[in-house]
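Okay, here's what each chain looks like letter by letter:
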Amino acid sequence: MTQRFSFQLNATDGRARSGVISTPRGQVRTPAFMPVGTAATVKAMLPGSVRDTGADILLGNTYHLMLRPTAERIDRLGGLHRFMNWDRPILTDSGGFQVMSLGELRKLDEDGVTFKSHIDGSKHRLTPERSMEIQRLLGSDIVMCFDECPALPADRSRIEASMELSMRWAARSRDAFGDRPGHALFGIQQGGLEEDLRARSAEALTAIGFDGYAVGGLAVGEGQAAMFGCLDHAPEQLPADKPRYLMGVGKPDDIVGAVARGIDMMDCVLPSRSGRTGQAFTRHGVVNIRNARHAEDPRPLDEDCGCPACRGYSRAYLHHVSRAKEIIASMLMTWHNLHYYQDLMAEMRTAIAEGRFDAWQTAFHAGRAQGDIEPL
């Protein structure tokens, strides 16, 4: 019999939680950060290198993969895991957010969304049923239901209508997903920053029944204070015995604040994108390695980090290859950032398990500075 998806909550400290998601392709320790492999690759990284950072799970992107190389081609070639040489769990988003943010000439109706590709202008149609089909062809371990995600700020009437449409699409996604042992379907809570709309969304999703629940519709322009204000109530509206996933977040202090408010899973392109533009996240703040102050600095990016960039290379070298636009700069800086994010998650898991998350969080904020760190 195929192992089914499950979630075990092992410890809580305040609202912070640690646990384990079990899938046929392996376990995911929570809180978990999922590196983003938009086009079947985490940019500038080999799959084994991503795993070496401590990542248990990757995120793939339905919108981008349906456009190229297409889900049908990936299916013919053995599925996304084989295609990208990653044998661990993969979560795929539904494509709804990218249709909103990237799709051109988007036309929304009750049945779905028609849009033109941002790549070549070709016309496409996404519905809850088609999104489920694409994610089945990809072989995703965790599938996201299809939703509609308005940018913030937006009028309450627009947010309410969007939420209600997303709940109807959630029910259709559930029906189209069916019973797939070993695979999971997550519902997505919507409702903007409105607590009552979030509660209605959570109630509708819980009635449908999902393997996990995402807090969607945040990190779309509302700012950290507003996002945290929403997270003060949104996660608690969702079932406590299922994983809670905050989509598209974020900076290290966003992640710490989300975990403190009961979130179990997160994803963001920031660590890899920042690595390619010369920014490194460290325990003391952000380093812009292209700044002239690093030109003759023999120190590593972060003396407490065990990644290859910090073990084998100086800031001076990273400054040089980044300014020279050498490919190794993107590789090493991305490797460091992903390693730092996974270290961050591991530290939080340990702190929650040992009942000292508040003290850890205080030390985390005390150790960070705004902007670039100055030479010691």
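Residues numbered from 1 in each chain as written. Predicted model: local features only at pLDDT ≥ 70, side-chain atom pairs only at ≥ 80, totals over all residues. Heavy atoms only, no water.

Engineer: Explain the overall build of the protein here, please?
Structural biologist: The number of helices and strands found in the protein is 15 helices and 16 strands. The C-alpha radius of gyration of the protein comes to 20 Å, within 12% of the 21 Å expected for a compact globule of 376 residues. A buried classification covers 56% of the 376 residues belonging to the protein. A sequence separation of at least 24 residues applies to 67% of the contacts in the protein between residues at least 6 apart. Summing over all exposed atoms, the protein offers an accessible surface of approximately 15300 Å²; the carbon and sulfur share of this is 49%. One finds the centroid of the 44 positive side-chain charges in the protein at a distance of 5 Å from the centroid of its 47 negative side-chain charges. (Helix = DSSP H or I, 4+ residues; strand = E, 2+ residues; numbered from the N terminus. Rg over C-alpha atoms; globule rule 2.2 N^0.38 Å. Buried < 20%, exposed > 50% of the residue type's maximum accessible area, 1.4 Å probe, protein only. Contact = heavy atoms within 4.5 Å. Areas by Shrake-Rupley, 256 points an atom, 1.4 Å probe, with all protein chains shown as cover. Lys, Arg positive; Asp, Glu negative; His and termini not counted. Charge placed at Lys NZ, Arg CZ, Asp CG, Glu CD.)

Engineer: How should the nonpolar core be read in this particular structure?
Structural biologist: The tendency in soluble globular proteins is for nonpolar side chains to be buried as a group. By size, the foremost hydrophobic cluster in this structure holds 69 residues, and its most contacted members are Leu-91, Leu-231, Tyr-245, Leu-246, Met-266, Met-348 and Phe-357. For this core, the element with the highest residue contribution is helix α14 (residues 327–353), accounting for seven residues. Ignoring any residue separated from it by four or fewer positions in sequence, one finds Met-266 in contact with Ala-32, Phe-33, Met-34, Tyr-245, Leu-246, Val-249, Ile-255, Ala-258, Val-259 and Met-345. Core analysis: the second largest hydrophobic core is formed by 27 residues, Val-42, Tyr-63, Val-99 and Leu-165 among them. (Core = buried A, V, L, I, M, F, W, Y, C linked by side-chain atoms within 4.5 Å.)

Engineer: Would you mind showing me how to read the sheet that holds strand β14 (residues 265–268) here?
Structural biologist: Across a sheet, strands are paired by hydrogen bonds formed along the backbone, either parallel or antiparallel in direction. The eight strands lie next to each other as β4-β5-β6-β10-β11-β12-β13-β14, forming a closed barrel whose pairing is parallel. Geometrically, the sheet is characterised by an average inter-axis angle of 30° between neighbouring strands, direction not taken into account. Pairing of strand β11 (residues 184–189) with strand β12 (residues 212–215) involves four bridges; the strand directions are parallel. By the bridge assignment, Phe-186 is partnered in β12 with Gly-212. Sitting on the sheet, helix α6 (residues 128–138) is in contact with β6 (90–93), β10 (142–144) and β11, with an inclination near 160° to β10. (Pairing = 2+ DSSP bridges. Axes fitted to C-alpha atoms, helices over the stretch in contact; angles between N-to-C directions.)

Engineer: Just to check I follow, could you spell out the pattern of salt bridges for this structure?
Structural biologist: Where side chains of opposite charge bring their charged atoms close, a pairing between them can arise. Per the counting criterion, the structure on display carries 26 salt bridges. Residues Asp-56 and Arg-51 are paired through a salt bridge, measuring 2.8 Å at the closest nitrogen-oxygen approach. Take Asp-56: its relative accessible area is 6%, and that puts it in the buried class. Put simply, Arg-88 and Asp-56 hold a salt bridge, and the shortest N to O gap is 3.9 Å. Of this pair, Arg-88 sits in the loop between α4 (80–84) and β6 while Asp-56 sits in the loop between α1 (47–52) and β5 (58–61), and the two are 32 residues apart along the sequence. Classification of Arg-88 as buried rests on a relative accessible area of 16%. Look at the salt bridges and you will find they share partners, linking Asp-109, Asp-111, Arg-125, Glu-129 and Arg-172 into a network. (Salt bridge = Lys/Arg side-chain N within 4 Å of Asp/Glu carboxyl O.)

Engineer: Sorry if this is basic, but what is going on with the environment of Ala-240 here?
Structural biologist: Turning to its location among the elements, Ala-240 is positioned in the loop between α9 (224–231) and β13 (244–246). Classification of Ala-240 by relative accessible area gives partly exposed; the value is 44%. Here the alpha-carbon distance between Ala-240 and Asp-267, two residues 27 residues apart in the chain, equals 20 Å. In this view, Ala-240 contacts Leu-9 and Arg-17; residues no more than four positions away in its chain are not counted.

Engineer: Help me understand helix α13 (residues 315–323), please; the structure alone is not making it clear to me.
Structural biologist: Note that an α-helix has 3.6 residues per turn; residues three or four places apart therefore point the same way. By the burial criterion, the buried members of α13 are Arg-315, Ala-316, Leu-318, His-319, Val-321 and Ser-322. Elements in contact with the buried residues of α13: β16 (285–288) and α14. Directly beyond the C-terminal end of α13, a positive phi value near 60° is found at Lys-325.

Engineer: It is not clear to me how the side chain of Ser-117 should be interpreted in this structure. Could you clarify?
Structural biologist: In this structure, Ser-117 sits in the loop between β8 (113–116) and β9 (123–126). In terms of polar contacts, Ser-117 uses its side chain to reach the backbone amide nitrogen of Asp-120, at 3.4 Å. (Polar contact = N/O pair within 3.5 Å; in protein donor to acceptor, adjacent residues only side chain to side chain.)

Engineer: Please clarify how the packing of aromatic side chains should be interpreted in this entry.
Structural biologist: The geometry of an aromatic ring pair is captured by the separation of the ring centres together with the interplanar angle, meaning the angle of the planes. Under the counting rule described, the total for this entry stands at ten aromatic pairs. Arranged with centres 4.9 Å apart and planes meeting at 20°, the rings of Phe-146 and Trp-169 form a pair that is stacked. Pair noted here: Phe-146 is in the loop between β10 and α7 (156–177) and Trp-169 is in helix α7, with a separation of 23 residues, a long-range link. Here Phe-146 falls in the buried class, since its relative accessible area comes to 1%. We classify Trp-169 as buried; its relative accessible area is 0%. (Phe/Tyr/Trp six-rings, centres within 6.5 Å; stacked < 30°, edge-to-face > 60°.)

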